[in-house]
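Descriptive analysis of the structure
Listed below are the residues making up each chain.
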Amino acid sequence: MSSLIDFRGTDIKFALHDPATALASLFRPVCRGRRPKGLEVHSEFDGYHLMFTCWEWLDTRDQSILLAAVGMAGMNHAKLSAEAAGDVGQKLWSELRPVKDALKDNAIVLTTTHYALLETAGLSQSGRDYSRLKDILYRLSQVGCRVKKDGYDWSMQLLSYSADPSGVIHIALNNRFATALAGQNVRVSLDERRQIKSDAAQVLHAWLTATIRLGSQSFWMGLDAIAIRVWGVDAQNENTKRSRRKTLVEALAQIESIGWKIEHRGRGARHQIRVKRPSIV
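Now for a look at the structure at hand. These numbers were taken from a predicted model, which means no experiment stands behind them. Each chain has its residues counted from 1, running along the sequence as written. Owing to the predicted nature of the model, reporting of local features is limited to residues with pLDDT of at least 70; listing and counting of side-chain atom pairs is limited to 80 or more, with chain, interface and lining totals taken over all residues. As a rule here, side-chain values come from all non-hydrogen atoms in the structure, and water together with hydrogens is ignored.

1. Let's talk about the overall build of the protein
Stated precisely, the cut-off is as follows: Under the DSSP-based scheme used, a helix requires at least four consecutive residues in state H or I and a strand at least two consecutive residues in state E, with every element numbered from the N terminus. The globule rule is 2.2 Å times the number of residues to the power 0.38, and the radius of gyration it is compared with is taken over C-alpha atoms. Think of it in three bands: with a 1.4 Å probe and only protein chains considered, a residue is buried below 20% of the maximum accessible area for its type, exposed above 50%, and partly exposed in between.
Within the protein, the regular secondary structure consists of 10 helices and 16 strands. Relative to the globule expectation of 19 Å for 281 residues, the C-alpha radius of gyration of the protein, 19 Å, shows essentially globular dimensions. When the backbone C-alpha atoms are referred to their principal axes, the protein occupies close to 60 × 45 × 40 Å. Across the 281 residues that make up the protein, the buried fraction comes to 53%.

2. Looking at the environment of Phe14
Relative to the elements of secondary structure, Phe14 occurs in strand β1 (residues 14-17). Measuring from C-alpha to C-alpha, the distance between Phe14 and Arg193 comes to 9.4 Å, with 179 residues separating the pair along the chain.

3. Some remarks on helix α6 (residues 175-182)
Quick note on the threshold: Under this definition, polar contacts are N or O atom pairs within 3.5 Å; protein pairs additionally need one hydrogen-donor-capable and one acceptor-capable atom, and for neighbouring residues in sequence, both atoms have to be side-chain atoms.
Most of α6 is tucked away: 6 of the 8 residues are buried. Looking only at α6, the buried set comprises Asn175, Arg176, Phe177, Ala178, Ala180 and Leu181. Its side-chain oxygen at 2.9 Å from the backbone nitrogen of Arg176, Asn174 defines the N-terminal cap of α6.

4. What to know about the packing of helix α9 (residues 223-231) against helix α10 (residues 238-257)
This is how it is decided: Between the N-to-C directions of two axes lies an angle of 0 to 180 degrees, each axis being a line fitted to C-alpha atoms and, for a helix, fitted only over the stretch in contact. Throughout this description, any angle smaller than 35 degrees is read as roughly parallel, any larger than 145 degrees as roughly antiparallel, any in the 65 to 115 degree range as roughly perpendicular, and the remainder as oblique. Any pair of residues with heavy atoms lying within 4.5 Å of one another is described as a contacting pair. The nonpolar class holds Ala, Val, Leu, Ile, Met, Phe, Trp, Tyr, Cys and Pro. Asp, Glu, Lys and Arg form the charged class, and all remaining residues, Gly among them, are polar.
Closest axis-to-axis distance for the α9/α10 pair is 10 Å, and the angle between their directions is 85°. Put simply, α9 runs roughly perpendicular to α10. Facing Leu223, Asp224, Ile226, Ala227, Val230 and Trp231 of α9, the residues of α10 in contact are Lys241, Arg244, Arg245, Thr247, Leu248, Val249 and Leu252. Here the contact of α9 with α10 is built from residues that sort into 8 nonpolar, 1 polar and 4 charged.

5. A closer look at the sheet that holds strand β8 (residues 107-113)
The criterion, for reference: Pairing between strands is defined by DSSP: at least two bridges between them are needed.
An order of β6-β8-β12-β11 is seen for the 4 strands of this open sheet, with the pairing classed as antiparallel. The sheet is open, and its two borders are formed by β6 (78-80) and β11 (159-163), each paired with just one other strand. Taken pair by pair, the neighbouring strands of this sheet meet at an average axis angle of 30°, ignoring direction. Note that β11 and strand β12 (residues 168-173) share 5 bridges and pair antiparallel. Counterpart to Leu159 in the pairing with β12 is Leu173. Against the sheet, helix α5 (residues 127-141) makes contact with β11 and β12, and its axis sits at roughly 145° relative to β11, the strand it touches most.

Pasting the structure below:
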């Protein structure tokens, strides 16, 4: 296992995220009321077809915890494979459920605490949040990821975890995250994310970060098209579309307040934006 990450969560400034996972619409603004069950998300990246299967829909808090874990893994992690030593290592590997081409890959393991993980994610540390964290880790561990291309067929769970009674948590992240740390990745600013308060703004910030390189500017993009990226599905009526546009304009104002540049043109269904990302994380 990796050694315990014992520094303050706010010391972790960014996460080196897997671009394919970052671009898929896996996470939605926080679900109110009963959480929907069953979700299948398809995405294309670099010629590969990816399919994510979720037992329950994932929301902004789930995304924050995943990004916090990825950020921590970038600071300190150990490799994990089928030859893992010890009961914990074997448990983490088996619960990643590697299939076919994934069997010969490595995962990565980070060791942290409930407190540090919540702090890195920008979430509070109340008793309710500790209980919520357990639910979040369980939901994330139930997400399957399958990648296919020209005979290549790879499948692993997004992550697995093992929690000690002392509050120490071991989290294994699948090989896509391991590859991102060493190669092509999306650099997500956790400092920026912790400053953003609304759910829609956090999901939008994560997607824009995956879409626009540091210091670069996007093409003009329609708000209705962006709304599908944030909420995962198209709105069924015009009232919902108008509400989502209003929410996105407010979310963009939050993102602009942390140093991004936003240009607007048009109104209503013709409302478009162009976004410039800061050059430094």
